[in-house]
Amino acid sequence: MKIATTTGDFQYFCNSYEDRIRELHRAGFRYIDLSMYHLAPDSPLMQDDWREYTLKLKALADELGMTFVQAHSPGGNLLWQDEARVEYLVKSTIRSIEVCGVLGIKNTVVHPGARRDIGKEEWFALNKPLYEKLFPAMERCGVNVLCENSSEQNTGKGCYYLYTGQDMREFIDYVGHPQFGGCWDTGHANMVGPQYESILAVGDKLWAIHYNDNRGERDDHIMPFMGSLNHDEVMHALIDVGFGGYFTLECCDELRWYGARRHFGDENTTLKLKNPTLAMQRHIAAMLYDTAKWIVESYDLFEE
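What you are looking at is a predicted structure, and each value in this text was computed from that prediction instead of being measured. (Residues numbered from 1 in each chain as written. Predicted model: local features only at pLDDT ≥ 70, side-chain atom pairs only at ≥ 80, totals over all residues. Heavy atoms only, no water.)

A.B. asks: Can you help me understand the overall build of the protein chain in this one?
C.D. replies: Of regular secondary structure, the protein chain possesses 11 helices and 8 strands. A compact globule built from 304 residues should have a C-alpha radius of gyration of about 19 Å, and the protein chain, at 18 Å, falls within 12% of that. Its C-alpha atoms give the protein chain principal-axis dimensions of roughly 50 × 45 × 40 Å. Partitioning the contacts of the protein chain with sequence separation of at least 6, the portion at a separation of at least 24 is 74%. When the accessible surface of the protein chain is summed, it comes to about 13400 Å², and 48% of that surface belongs to carbon and sulfur atoms. (Helix = DSSP H or I, 4+ residues; strand = E, 2+ residues; numbered from the N terminus. Rg over C-alpha atoms; globule rule 2.2 N^0.38 Å. Contact = heavy atoms within 4.5 Å. Areas by Shrake-Rupley, 256 points an atom, 1.4 Å probe, with all protein chains shown as cover.)

Written as structure tokens, this is what we have:
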């Protein structure tokens, strides 16, 4: 496996994509997961000259010997009951697919929507047409869109969602587009239960992973071995399912500002620093690369 990580690792410390890419290179990474999770209207990727800017990012990556291999499209809720917000979310998601096309990124993650007090059948029926709005861009740009699993800690009790691999595969087949697959988030799944059977259930539609850890209670997105994730179970599942994608880390919350993510509950349960620094994040990113390399080497899977 080739090791990738998200530009979101430096989202709190670097204002530009260029600086985030340089920092990932400095830490040892050569494969990039481009985070467009916060794609605001004033982002350079949302301007008229977005294509020229995207080509500059590609040129920088080429200069550094790096490759864009995966992406995360804008975060949000496709089932928001606010037409203006959903309209912008769809618009920015289509732009993110276009950016992926220019950069040669094959897979980008687009979260399904969530809404309280609806069952599985209605959830399927409401989410499918929203993904269908992305089909023309996917086909034109040659980019796959992937749904992602989650947990009740993220969606809230009373929400149906893709908590298991069995449900993820069923939804992928229900949408029924050849460029629609799944991304498995190990941290989200760690809050649900054992992962081996779920990963196998996604099967040949498992095209990407988000590898991160937590303590089974909150979506901490921390470094492997800092939580309770059963790494051996996950790695054997990836091997047994024949996963051929990148070992993509999403551990971008090691350093949090004081007061961040208050909705997760007791402020004392997770360390939040008042003044985290770029130097601290650089140290963590380098450790993250070394840790990921050690994991994949332990299963004879490491590839430069």
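A.B. asks: Help me understand the sheet that holds strand E8 (residues 247–249), please; the structure alone is not making it clear to me.
C.D. replies: Strand pairing within a sheet occurs via backbone hydrogen bonds; the two strands may be parallel or antiparallel. One open sheet accounts for 8 strands, arranged E7-E6-E5-E4-E3-E2-E1-E8; its pairing is parallel. In the strand order of this sheet, the two ends are held by strand E7 (206–210) and E8, each with one partner. Ignoring strand direction, the axes of neighbouring strands in this sheet form an average angle of 30°. Here strand E1 (residues 3–6) runs beside E8; their pairing, made up of 3 bridges, is parallel. If you follow Ile3 over to E8, its bridge partner there is Phe247. Where helix H1 (residues 17–27) meets the sheet, it contacts E1, strand E2 (31–35) and strand E3 (67–72), and its direction lies at approximately 150° from that of E2. (Pairing = 2+ DSSP bridges. Axes fitted to C-alpha atoms, helices over the stretch in contact; angles between N-to-C directions.)

A.B. asks: Any chance you could explain the pairing of E3 here in plain terms?
C.D. replies: Residues in a regular strand project their side chains so that they alternate between the two faces of the sheet. Within E3, 5 of the 6 residues are buried, which leaves the element mostly enclosed by the surrounding structure. Two strands pair when backbone bridges link them, and E2 and E3 are joined in this way by 5 bridges, in the parallel orientation. Across the sheet, Leu34 pairs through a bridge with Ala71, a residue of E3. Following the chain from E2 across helix H2 (residues 50–64) to the adjacent parallel E3, one finds a crossover that is right-handed. As paired strands, E3 and strand E4 (residues 107–109) are joined by 3 bridges and run parallel to one another. Note that in E4 the partner of His72 across the bridge is Val109. (Buried < 20%, exposed > 50% of the residue type's maximum accessible area, 1.4 Å probe, protein only. Right-handed = clockwise from strand over helix to strand, strands pointing away.)

A.B. asks: Explanation requested: the pairing of E1 in the structure shown.
C.D. replies: Taking every second residue as pointing to the same face, both faces of E1 are buried, with Ile3 and Thr5 on one and Ala4 and Thr6 on the other. Between the parallel elements E1 and E2, the chain passes through H1 in a crossover that is right-handed.

A.B. asks: In this structure, what is going on with the packing of aromatic side chains? I would like to understand it.
C.D. replies: Two measures describe an aromatic ring pair: the distance that separates the ring centres and the angle between the ring planes. Per the counting criterion, the structure on display carries 16 aromatic pairs. Plain terms: the ring middles of Tyr161 and Tyr163 are 6.2 Å apart, the flat faces sit at 35° to each other, and that makes the pair tilted. The buried category is assigned to Tyr163, whose relative accessible area is 15%. Its guanidinium or amino end placed over the ring of Tyr17, Arg20 lies 5.4 Å from that ring's centre, counting from NZ or CZ. Cation over ring: Lys128 sits above Tyr174, and NZ or CZ is 5.0 Å from the ring centre. (Phe/Tyr/Trp six-rings, centres within 6.5 Å; stacked < 30°, edge-to-face > 60°. Lys NZ or Arg CZ within 6 Å of the ring centre and 35° of its normal.)

A.B. asks: Any chance you could explain the packing of H1 against H2 here in plain terms?
C.D. replies: How two helices sit against one another is set out by the angle between their axes and by the gap between those axes. With their axes 10 Å apart at the nearest point, H1 and H2 run at an angle of 15° to one another. Between H1 and H2, the angle falls in the class roughly parallel. For the pair H1 and H2, the crossing hand works out as right-handed. Seen from H1, the contacting residues are Tyr17, Glu18, Ile21, Arg22 and His25; seen from H2, they are Tyr53, Leu57, Leu60 and Leu64. (Parallel < 35°, antiparallel > 145°, perpendicular 65-115°, else oblique. Left-handed = near helix turned anticlockwise from the far one by under 90°.)

A.B. asks: What should I look at first to understand helix H4 (residues 120–132) in this one?
C.D. replies: An α-helical turn contains 3.6 residues, so a residue and the one three or four places further along point in the same direction. Spanning 13 residues, H4 covers 18 Å between terminal C-alpha atoms, matching the ideal 18 Å at 1.5 Å per step. Among the residues of H4, those classed as buried are Trp123, Phe124, Asn127, Leu130 and Tyr131. Burial along H4 is one-sided: seen end-on, the buried residues are contained in an arc of 140°. The inward-facing, buried residues of H4 contact helix H5 (135–141), strand E5 (144–148), helix H7 (165–175) and strand E6 (180–185). (Expected span 1.5 Å × (residues − 1). Arc of directions from axis to C-beta.)

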